[in-house]
Every structure is written in C-alpha cells, then in structure tokens.
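Chain residues, written in single-letter form:
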Amino acid sequence: MILVTGGAGYIGSHTCIALDEAGFDFVVFDNFCNSSLESLKRVEKIINKEIAYVEGDIRNANDLQSVFDNYKIDSVIHFAGLKAVGESIEKPLEYYDNNLNGTIVLCTIMKKNNCKKIVFSSSATVYGDPHTTPIKEDFPLSATNPYGRTKLFNEEILRDLYTSDHDWKVILLRYFNPVGAHKSGMIGEDPNGIPNNLMPFIAQTAVGKRDELSVFGGDYDTHDGTGVRDYIHVVDLAQGHVKALQKIDSLKEVLTVNLGTGNGYSVLDMVKAFEKASGKKVAYKIVQRRAGDIAKCFADPSYALEVLGWKATKGIDEMCEDSWRWQSNNPNGYTKS
Ligand code: NAD
Ligand code: UD1
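Residues numbered from 1 in each chain as written. Chains lettered and ligands numbered in written order. Predicted model: local features only at pLDDT ≥ 70, side-chain atom pairs only at ≥ 80, totals over all residues. Heavy atoms only, no water.

Caption draft 1: Region of interest: the sheet that holds strand β3 (residues 52-55). Ordered by their spatial adjacency, seven strands build an open sheet running β3-β2-β1-β4-β5-β6-β11, and the pairing between neighbours is parallel. Of all the strands in the sheet, just β3 and β11 (255-259) have a single pairing partner and so form its edges. Within the sheet, the average angular offset between the axes of one strand and its neighbour, ignoring direction, is 20°. Pairing between strand β1 (residues 2-5) and strand β4 (residues 75-78): four bridges, direction parallel. Of the residues in β4, the one forming a bridge with Val-4 is Ile-77. Each of β1, β2 (26-30), β4 and β6 (169-175) is contacted by helix α1 (residues 10-21), which is oriented at about 170° to β2, the strand it contacts most. Relative to the sheet, helix α6 (residues 146-164) contacts β5 (117-123), β6 and β11, its axis offset from that of β5 by approximately 155°. (Pairing = 2+ DSSP bridges. Helix = DSSP H or I, 4+ residues; strand = E, 2+ residues; numbered from the N terminus. Axes fitted to C-alpha atoms, helices over the stretch in contact; angles between N-to-C directions. Contact = heavy atoms within 4.5 Å.)

Written as structure tokens, this is what we have:
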C-alpha cells in the first residue's frame, strides 16, 4: 500500500487517479489545510471506488503512526507541505515547521516502521536563477526564499538519510510548472483567494472572476519580453509518480529527476492558448516585474526518459482546454460549486 501525504491537494488528487489506474492501492493522509474532502469525493467518483484516507498532520507522530498501525505501507509519496512563495516570506517559521519538521517526523515514523521508500515533491525552484536553459539535474542549486529553502533542505535531509543507511530508497522529483486538470473537469487546482500563479489567474479572468491579468514584466530577454516557463500537464506529472514507484525498488542511489516538458512558453503564449481553448478574451496589462522572478526556466527532461521511461505527452492546448473545463464547470472551486 502507498501512503500519499497531501493526497487531497492539486497534484496529489490527480496522482491518486494515476495510482489507481496503475493498480496501486493507496491511503491518503492530509490535514486539509489547503484542500477539501470534496476533492477526494470527486476522485472516488472518477475511479468508481472508495478511497482510504486519514485526516492528520504530518508533524504529528501519533497521527502518522496510526496509519502505519492500520495499513501495511510499502512506500510513501510525500506531497504534503505549504507552497506559496510570498506567504513563505511573511511566515517563514510556519513554512520551516510544516515543510521541514513535517518531513522529519514523517521519515522518523517511516524508519520506526521499517518503511524506507519515499518519492518527494521537489521543485524547479531549487535551481534558483539558472545560468542557462534547458536545466539539467546537475545544475547548481540555490534558493531565494523560505519556500525554496525548504525544498533544498528536504532534498538534503533525504540524501543524508540515504548516506546513513543505504536501505533508504529516495526519489526527488523536481516539478516545473504544473497546470491543467483531469479530463473529467471534476478535479483541478483550487487556490485560496487571489491566485499567485499564472494559470489559475488566467482561468479566473476568463471565467469573469478577475477583471484583468497583470503580466509581470514585458522586458525580459525572451521571445516576446514576458517570462518563459515549462508548463506541464498535471496528469503527465501524476504519471511521473507512477513511473517513480515502478522504479524505486531497483534504486542503487538517490535519484533526482526533472519532470518538465522541455518546452518554454511565455506568459503571452499562455494567454493566447487559453483564449483559443476557452473562446474567451483574457484582458491583460503589462506591469512591473515581480520581485524574485527569473526570465526563463525550462527543463531538460531527457534524464526522466532515460531512468524512469517517462515523458510528458500533453501540449499547451490540452493543458488550457482541461484547465478551462475545470474552471468553467467549477467557477468557485470545490466549495461553492
Ligand atoms: P496543494 O496545496 O494543493 O497540496 C498539498 C496538500 O498537503 C494539501 O492537500 C494540504 O492540505 C496538505 N498538507 C499541507 N500541510 C500538511 C500537513 N502538515 N499535514 C498533512 N497535510 C498537509 O499543493 P500541490 O500543488 O498539490 O503541491 C504538492 C507538492 O508539490 C507540495 O509539496 C509542493 O510544494 C510541491 N510542488 C508544487 C508545485 C506547484 O506548482 N503546484 C510545483 C513544485 C512543487
Ligand atoms: C512559482 C514560484 C516557484 C514555484 C512555481 C511552481 C514564485 C516567485 N515562484 O514559479 O517557487 O516552484 O511557482 O509552483 O512565486 N505571472 C504573471 N502574472 C501573474 C502570475 C504570474 O505575469 O499574475 C508570470 C510570472 O512572472 C512568470 C509566469 O507567469 O513569468 C509563471 O508564474 P507562476 O505561475 O507564479 O510560476 P513561477 O513564477 O514559475
């Protein structure tokens, strides 16, 4: 059985479906601090079966131990954590506590129960401002904010665990920019308040919840002056976790893998693709750069193909169509639709 921490969240809920399709049994562990039970209810409808889940906090050893007492856990996919960069600057202690302490408690309980296989959600943010693109896994690492530092430190914690005991099997997945939604339109990204990330902001503008997108910077050294990113469909990303689990038993060392498409698209490319997919106009204005943003970030995904046999299959048109289906069917997300 696979323990999926943070399994009610955006990437976790899509991964539950991929796990089920691949024949893995799983139990979700989530405190619903950034998600709702409704996402799991919808996953149940999609996969047509009940999901095992436990409400609890990864920082609470008793909560976690109860999962190991009740289920025979073979491996863990560790999504649980806080993820908003701006908030991490305002509330660093909460981020260090949740993301670092949470991982430490989780690994301690795993060790106690002799479960030593973990797939961790890292991020392209660990590359800081890359000196060149596409980004390979051996590029230098850095972080400019507390959220990014928690990703870097968690990677180090997991590497140290492996060094201390080679029975640990660790896969660090560095996601680029996850977007899109499941084809059903029943689950998707449901940010609290005003979205920080581009795609939910575009989607909410298209559906009429926001007046206008602010494009952060029109003077970057990119093909149209706006920031370039590697947007990856969340269903492709979910599949990457299945591939990681299928690989994990044969690991001889810690595996660190980029999950991206290898394609870089600008903010305006995404606006145009979304307009095409939705048939709606997305009003925008170009404003100042956002502090901490970089011009270009996209993956070299060739190592993922080599070691996991994984590559992204979905392009930006499909990302935007699926994101629009979710947004237009659920204009207020899970809670008020
Ligand atoms: P999300 O917020 O939708 O999901 C995270 C889930 O973890 C939520 O359901 C939340 O309730 C739960 N959670 C948080 N703290 C918890 C705790 N202490 N105990 C139990 N549950 C807790 O985020 P997501 O987009 O699905 O991201 C999943 C993981 O991937 C995170 O670790 C995130 O940092 C990482 N990641 C996300 C992105 C992205 O753009 N979405 C990019 C790179 C990496
Ligand atoms: C952000 C996080 C990063 C995290 C990643 C994936 C910041 C500074 N960085 O990266 O740590 O790993 O999400 O979750 O938050 N944009 C606009 N207008 C908007 C929103 C975004 O123009 O309203 C632009 C940005 O300047 C950027 C692109 O859209 O060029 C993508 O932004 P976003 O979705 O926030 O992702 P990242 O900045 O890549």
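Caption draft 2: Quick peek at the sheet that holds strand β12 (residues 265-266). Ordered by their spatial adjacency, three strands build an open sheet running β12-β9-β14, and the pairing between neighbours is mixed. Both edges of this open sheet fall to β12 and β14 (296-297), since each of them pairs with a single strand only.

Caption draft 3: Representation of the packing of helix α3 (residues 61-70) against helix α5 (residues 92-112) within the structure. It is the contact of α3 with α5, at a shortest axis distance of 10 Å, that shows an interaxial angle of 40°. The two elements α3 and α5 cross, and the hand of that crossing is right-handed. For the pair formed by α3 and α5, the contact residues are Ala-61, Leu-64, Gln-65 and Phe-68 on the first element and Val-105, Leu-106, Ile-109, Met-110 and Lys-112 on the second. Along the lines of polarity and charge, the residues of the contact of α3 with α5 split into seven nonpolar, one polar and one charged. (Left-handed = near helix turned anticlockwise from the far one by under 90°. Nonpolar A, V, L, I, M, F, W, Y, C, P; charged D, E, K, R; others polar.)

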